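Structural overview for review
If you want the building blocks of each chain, they are given just below.
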Amino acid sequence: MDGLQIPFEHVLVLATLLFTAGLVGLMVRRNIIFILMSLEVMLNSAALVFVAAGAYWGQADGQVVFLLILAVAAAEVSVGLGLVLQVQRRFRNLDMDNANRLRG
Amino acid sequence: MMESLFYIAAFVALFSTLQALSRSNAIHALIYLIISLLAVAVIFFLLGAPFAAALEIVIYAGAIMVLFVFVIMMLNLGEAGDLRERQWLQPRVWFIPAILAAVLLAELLIVEAEVAAYTRGVEVSPKEVGLTLFGPYVLAVELASMLLLAGLVGAYHVGRRFIDRTGGGER
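Predicted, not measured: the structure shown is a model, and the values here were computed from it.

**Focus on the overall build of chain A**
The helix and strand tally for chain A stands at three helices and zero strands. Helices and strands in chain A line up, N terminus first, as α-α-α. Taking 13 Å as the expected radius of gyration for a compact globule of 104 residues, we find that chain A reaches 17 Å, considerably beyond that expectation. Its C-alpha atoms put chain A at 55 × 25 × 15 Å along the principal axes. Within chain A, buried positions represent 51% of all 104 residues. Considering only contacts in chain A between residues 6 or more positions apart, those separated by 24 or more positions represent 55%. When the accessible surface of chain A is summed, it comes to about 4400 Å², and 65% of that surface belongs to carbon and sulfur atoms. Mean positive and mean negative side-chain charge positions of chain A (7 and 7 charges, respectively) differ by 26 Å.

**Some remarks on the side chain of A:Asn44**
Mapped onto the secondary structure, A:Asn44 falls in helix H2 (residues 32–56). Among the residues examined, A:Asn44 registers a relative accessible area of 4% and is labelled buried. Side-chain polar atoms of A:Asn44 contact the side chain of B:Glu56, separated by 3.4 Å. Beyond its immediate chain neighbours, meaning those up to four positions away, A:Asn44 contacts B:Leu37, B:Val40, B:Glu56 and B:Tyr60.

**Overview of helix H2 (residues 26–46) of chain B**
Residue and element names in this part refer to chain B. Here H2 is 21 residues long and its end C-alpha atoms lie 30 Å apart, about the 30 Å a rise of 1.5 Å per residue gives. Taken across its 21 residues, H2 has 18 buried, putting it largely inside the fold. At the N-terminal end of H2, a side-chain oxygen is found 2.9 Å from the backbone nitrogen of isoleucine 27, two or three residues along, and the residue is asparagine 25.

Conventions we followed
Residues numbered from 1 in each chain as written. Chains lettered and ligands numbered in written order. Predicted model: local features only at pLDDT ≥ 70, side-chain atom pairs only at ≥ 80, totals over all residues. Heavy atoms only, no water. Helix = DSSP H or I, 4+ residues; strand = E, 2+ residues; numbered from the N terminus. Rg over C-alpha atoms; globule rule 2.2 N^0.38 Å. Buried < 20%, exposed > 50% of the residue type's maximum accessible area, 1.4 Å probe, protein only. Contact = heavy atoms within 4.5 Å. Areas by Shrake-Rupley, 256 points an atom, 1.4 Å probe, with all protein chains shown as cover. Lys, Arg positive; Asp, Glu negative; His and termini not counted. Charge placed at Lys NZ, Arg CZ, Asp CG, Glu CD. Polar contact = N/O pair within 3.5 Å; in protein donor to acceptor, adjacent residues only side chain to side chain. Expected span 1.5 Å × (residues − 1).

Here it is, written out as structure tokens:
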């Protein structure tokens, strides 16, 4: 536990800042591509916390959860980019507010 | 020494993330986002998780970002495409990301030279990760495979109609 040379709190602060940046980007941007990027940033900061906690306690569980987060991110971004193509084809722009008219 | 490497990588990650989410051009934002992911991979490496660092680069910065690039390139096809690509390749676009990437590479080389001294006692080896993944967490692996299957079917369903209708309508 005392083998970790980086202060654990500083890793948490970094992850919080990254998550906040992603959250603000998610709320401010209206371009679907940037919304997906913000989601990636947020998932990535959560994964950073898991890996740091796994290193802090010297357990492999943190990296296992990192692998699961990776699978979630891959599945989410593939479906999300398919929706980007649909929105672009129907409305000729990438404004997220159009997506509430997407039916069928 | 170890801490300063971490703080440099953390600064690079934060700076490139803020840049990525405040760009107006999606390709420029992608370059910064890739730098951010590489910086997080370096932090993983410093935390003694080399397997997670490798996967971060291979899957996040490799596969997922290539998906983004493909979609952005597909959306920008047209007469203006050539002009846009010429603008994308201007040196001022990739100069700062290149510097940040060089900083990260230098950090990795410094750590690599004496890797045992840096991650001594805290490294969680890939073997332990694999044993844990297919031991107590084997049910989670099954759930992840079902999730990936659902993602595959969903992406095929959404994307197939895109291919069919545009192909039939424009030819």
